[in-house]
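# Observations on the model geometry
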Amino acid sequence: MINLKELSWSLVIIWASLIAVGLVAIYSATQGPVAEFLPSYIQFNFYKQLISFGIAVLLLIGLQFINPRTFQEGSYVFYGIGILLMILTLLIGKEVNGARSWLVLGPFNLQVSELMKIATILAVANYLTSGRNISAENLKSAIIAVSLIVLPAILIIMQNDMGTAIIFFALIPVVLFWSGLPYGISLFIISPAIIGYLTIISWYWGLIAAIIITLAIFIIQRRTWLTFTSFVTGVLLVIGIQVALNQVLQPHQRARIEAFTNPSFDPQGAGWNVIQAKTAIGSGGIYGKGFLEGTQTQLRFLPEQWTDFIFCVIGEEFGFIGAGFTVLLLLALTLRLLRMASVHKHPFAQLVMVGVLTIFFTHFFINVGSATGLLPVIGIPLPFISYGGSALITNTLMLGICLNLDFYKRQFSIYR
Amino acid sequence: MPSRKKIRTKTSLRVLQVCIILLGLIILGRLFQLQILQYDTYNPLSRENSLRQEVINPARGLIYDRNGNLIVDNQPIYTITVTPASYDPKNTPILAELMDVPVEEVEKRVQEARDYSYYRSSRIFTEVDFETFSIIQESIWQLPGVGHQIESKRDYPIDSLKASHILGYLREVSKEEYLRTESYHLGDKTGKSGLEMAYEEHLRGTLGTKYIKINAMGQNLGPYQDGAIDENPEKGSDLYTTIDTELQLLAEDLMQGKQGAVVALNPDNGAVLSMVSAPEYDIRKLSGRLDKTYWDSINADTTNPLYNRAVSGKQPPGSTFKPLMALMGLELGIITPETEIDNPGYYSRGRRYNDLADPGKYDVGKALQESSNTFFFWLMDKIATQKGLDKWHELATSFGLGRHNNIDIPNEVAGTIPDSTFFNRVLGEGKWGIGDQLSLGVGQGFVAVSPLQMALVAAQIGNGGHKVQPHFVSAIRQNDGTMMLTNPEKDKIEWVDASEISVVKDGMRRVVTEGSGRYYADLDSVKVAGKTGTAQNPHGQDHGWFISFAPVDDPKIAVAVLVENGGYGSISAAPIASLLIEQYLTGEIDRSYVYNYVKTFEPRKQTTDEEEEENIDDQSQGT
């Protein structure tokens, strides 16, 4: 019954390659000459990641034996359990790096918010495909779908983990868009991110973006109220961000933004990470300094080089070739999932795949964007590459579910 | 409907594909920009990041006296440094506590270091005592970016020797200086006066550079490329000076509590045997870390201890100028050794110029011996009217007056020997006349000289009219052991004639045997020649002068002494000079009563009775 040719081997290969790249980078970042300056518990990270890899392999294989309908039917249950665990984490969780996002379960530390990504995707996908009248075009169901995403996001914000919360918010426009939200409105809901980003760099770029987006919405949708709302929102956003930057934000928050737009403003403080990260990547050149040869990495100039700044290790030691290859692998991963979604007949599976690829891509873009100084530093890991058992297992679970849905696409479709 | 949904799915797919590829291209483009286009920016940055350049200061050159005794040495001092790039400002309170200084002080110094260089290590605390240094060393692991240097400060092995104006002191270079000169860094020291300043280039040596690998915590990971590109420091050159320590010690002792200056020269070559400017300052207190209270106090002191009176002083020489006048009169043919004039007790030229010497007939020898003003007013009158002031100026300057003599310590002044240009400038063209010139003949009026210049006059008369170059350093020993000898030139002053010199020397000998010098300057063991002087001081008690050389026939030493507010030169300056000569030529002091006299000498309080304006000169012989 199981025909292995049906499995998307290309994705499996990409998955394995990414983990391999990650292991090499983690090895360099924790086992190289730098190990001398690292506390011993960090030196164990490489071996911990190897163990996580082993678990991930078992999970990926194991997942393929599960009935795909389980994901759909159990989605609300998973979601409910997830929310409960999140609340539990808020109450008794362990704080790491300022975020109370770890639940201690005997010998394991579980980052519930990671698993919550899967539960949320499954629940939203299930909801949006559960009835003929439910779609993103319908305002009421759109609001419910958004609420399903926003609820865990709020809990994550309460855990003080802004980076992960951003990932959830990124889900909203993509998922709604895929389930039929009109183009103009889709553009409208992502416009704050674009306008906001450009406003931080320079207010007039933000304004120009607001105008262009308004025009685009007008051309696509031709709805007076939407065009008007878009324009007013854009302008208010530009003004609001300016006011926030200059009046509302606390000095340390402003310093972080300042560090992004102008790292040399405070090279010792907030700008340090950005400068060191860019220096590491830039000094890698075309071919890199070689495995275990990166001075920025091995002399410990990089912050969090086994997690959030792992891309710098790759960039420094393997150069443009290595970094570019990694980027292409991650692009291939998302594009392959997108392709898979588009050929799937079942809308639930489509939406799950789109949600998963959105999470992968958002992680990738924010992580590499932070490391290369394109974005303010937002601490989130690079999927499959950064050290972190919870993240690796969650990501593998997500990918495994997609593979499962794809693998059973014929049977799954018939059940409908 | 399903077809519409299919179309929608297809469009959504395209839109998302385009978005992913677009954003992916942005990332790739960024990588291309950083790694390929800006590689040349970031690659050196990463190298600089992980390399620290450390400056190794060379040992400063030593200074010896004329007998090869070490007088300036180096002593280790411990210095705490900071490398701002690796320093964590959070540690400032810890560092402040260990150093036992206020937090703001540490913050200020770290900021200064940071302004200077972000990657180089800069000194923030110099001359830390060994105990504090050890405490810091124990805590160095929790203070990334904090390091140490073992440096040296100046040490003066001969305890009682001051020689502050000769040796000079070192100070940290100012911001302007280290920004201007490549070879100086924040916290480096440079000579600010004396030999330390004049021979800075020799004493300093060449900086060494060490490159070491460091990590982000500033931990030292050993030499870069095994030290292949390191540069070793080169020790500064040693100075061999002409200072006679014993004589210097005596001179300092004698000048203790007085204001004034002593300069003793070897008449043969201009070597400075001793130079004292009193009051002195304590170079030991200016060595190493700046004692701010002391520094402020010597700067605020109205007696100005930092001022080197021996080379920077400008005083009228009074009667000590007369031997040179006599020589010029003989040279210009205005007088012969036999020329006699009649001294009625004053000189009359438009008005009366008083003379304290007894009335009678005076030739040049007697005029010197008795320091007759009348004779020299007359002589000056003749020179000015017959030969002109500028001729007089030319002859006087050839003895080193009114110009720089290029002694090898800083702040030497030229003084003033007026010529017509000078008078035209100062008094106005056509607005000066014989009245302004007559007082020049007795070393008053506009004549201004330094003790060094008067010592040169004594030396050059003593040596028979040979111009000598005053100097402190006779040889410089370079790091590789080679000796560079300074060869002071000794040229005959062309116009001086041996017979003329002997007349003047004879007159100066008579000053000591029969004139005003006979009380304190005449020695049984050595034939001393000299001339007293009392310089009018409009601000207070007159200044006492004495210039001398001995033995008269073949002088080994020439001394000029100025005692400010000392009154008559014969009782203030002459005993000091004679004691120095006695010590130098006989090796001991026989006349302890003279020594005791000098030690207890109190400059006289200002005279209350108004003296006549013209009563300018040497009253000493009248007593």
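Going by the structure above, here's the rest.
Position labels on residues start from 1 in each chain and follow its written sequence. Note on labels: chains are lettered from A, ligands numbered from 1, in written order. Where local features are concerned, this predicted model is filtered to residues with pLDDT of at least 70; where side-chain atom pairs are given and counted, the filter is 80 or more; whole-chain, interface and lining totals use all residues.

### Let's talk about the overall build of chain B
Under the convention used in this document: Runs of E in the DSSP output that reach at least two residues are strands. Runs of H or I that reach at least four are helices, and both are numbered from the N terminus. Partly exposed residues are those whose C-beta has more than 12 but fewer than 20 other C-beta atoms within 10 Å; with 20 or more the residue is buried, with 12 or fewer it is exposed, and the C-beta atoms are placed from the backbone. Contact criterion: two residues are in contact if their C-beta atoms, reconstructed from the backbone, are within 7 Å.
Helix and strand counts for chain B stand at 22 helices and 23 strands. Here chain B holds 623 residues, and the buried ones make up 46% of them. Within chain B, contacts between residues at least 6 apart in sequence are counted, and of these 72% link residues at least 24 apart.

### Quick look at the sheet that holds strand β12 (residues 272-278) of chain B
All names here are of chain B. To keep it simple, the criterion reads: For two strands to count as paired, DSSP must find a minimum of two bridges between them. Helix axes are fitted only over the stretch in contact, all axes being lines through C-alpha atoms; the angle between N-to-C directions runs from 0 to 180 degrees.
Pairing in this open sheet of five strands is antiparallel, and the strands run β12-β11-β23-β22-β21 from one edge to the other. At either end of the open sheet lies a strand with only one pairing partner, and these are β12 and β21 (529-535). Taken over all neighbouring pairs, the strand axes of this sheet differ in orientation by 5° on average, direction set aside. Sheet topology places strand β11 (residues 260-265) next to β12; six bridges connect them, and they run antiparallel. Residue pairing for β12: Leu265 is matched across the bridge by Val272.

### Quick word on the environment of Val327(A)
Looking at the element boundaries, Val327(A) is found in helix α15 (residues 310-343). Distance in space between the C-alpha atoms of Val327(A) and Leu18(A) is 9.9 Å, their sequence separation being 309 residues. Contacts of Val327(A), omitting those with residues within four sequence positions, involve Val368(A), Gly24(B), Ile27(B), Leu28(B) and Leu31(B).

### Let's talk about the sheet that holds strand β1 (residues 94-96) of chain A
All names here are of chain A. Ordered by their spatial adjacency, three strands build an open sheet running β1-β2-β3, and the pairing between neighbours is antiparallel. For this open sheet the edge positions go to β1 and β3 (108-111), each flanked by a neighbour on one side alone. In this sheet, neighbouring strand axes are inclined to one another by 45° on average, regardless of whether the strands run parallel or antiparallel. In this structure, strand β2 (residues 99-105) lies alongside β3, joined through four bridges in antiparallel fashion. Bridged to Leu103 within β3 is Leu110. Of the strands in this sheet, β2 and β3 are in contact with helix α6 (residues 112-128), which crosses β3 at around 50°.

### A short note on the environment of Met158(A)
Counting through the fold element by element, Met158(A) comes out in helix α7 (residues 139-158). When the C-alpha atoms of Met158(A) and Ser101(A) are compared, they prove to be 9.4 Å apart, with 57 residues separating the residues in sequence.

### Details of the packing of helix α5 (residues 75-92) of chain A against α7(A)
Residue and element names in this part refer to chain A. To keep things clear, this is the line we draw: Note on angle classes: values under 35 degrees are labelled roughly parallel, values over 145 roughly antiparallel, values of 65 to 115 roughly perpendicular, and the remainder oblique. We call a crossing left-handed when the near helix sits turned anticlockwise from the far one by less than a right angle, and right-handed when that turn is clockwise. Amino acid classes used here: Ala, Val, Leu, Ile, Met, Phe, Trp, Tyr, Cys and Pro are nonpolar; Asp, Glu, Lys and Arg are charged; the rest, including Gly, are polar.
Between α5 and α7, the least distance of the axes is 10 Å, while the angle of their chain directions is 15°. Considering the angle they form, α5 stands roughly parallel to α7. Pair α5 / α7 crosses with left-handed handedness. On the side of α5, the interface is formed by Gly82, Ile83, Met86, Ile87 and Leu90, while α7 contributes Leu151, Pro152, Leu155 and Met158. A per-class count over the contact of α5 with α7 returns eight nonpolar, one polar and no charged.

### As for unusual backbone geometry
All names here are of chain B. In this structure, Pro279 follows Ala278 across a cis peptide bond, with omega equal to 0°. With respect to the helices and strands, the residue Pro279 is situated in the loop between β12 and α11 (292-300). Of note, the amide linkage connecting Ala550 to Pro551 takes the cis form, showing an omega dihedral of -15°. Tracing the backbone through its elements, the reader meets Pro551 in the loop between β22 (543-550) and β23 (557-563). One non-glycine residue with positive phi stands out, namely Asn411, at about 70°.

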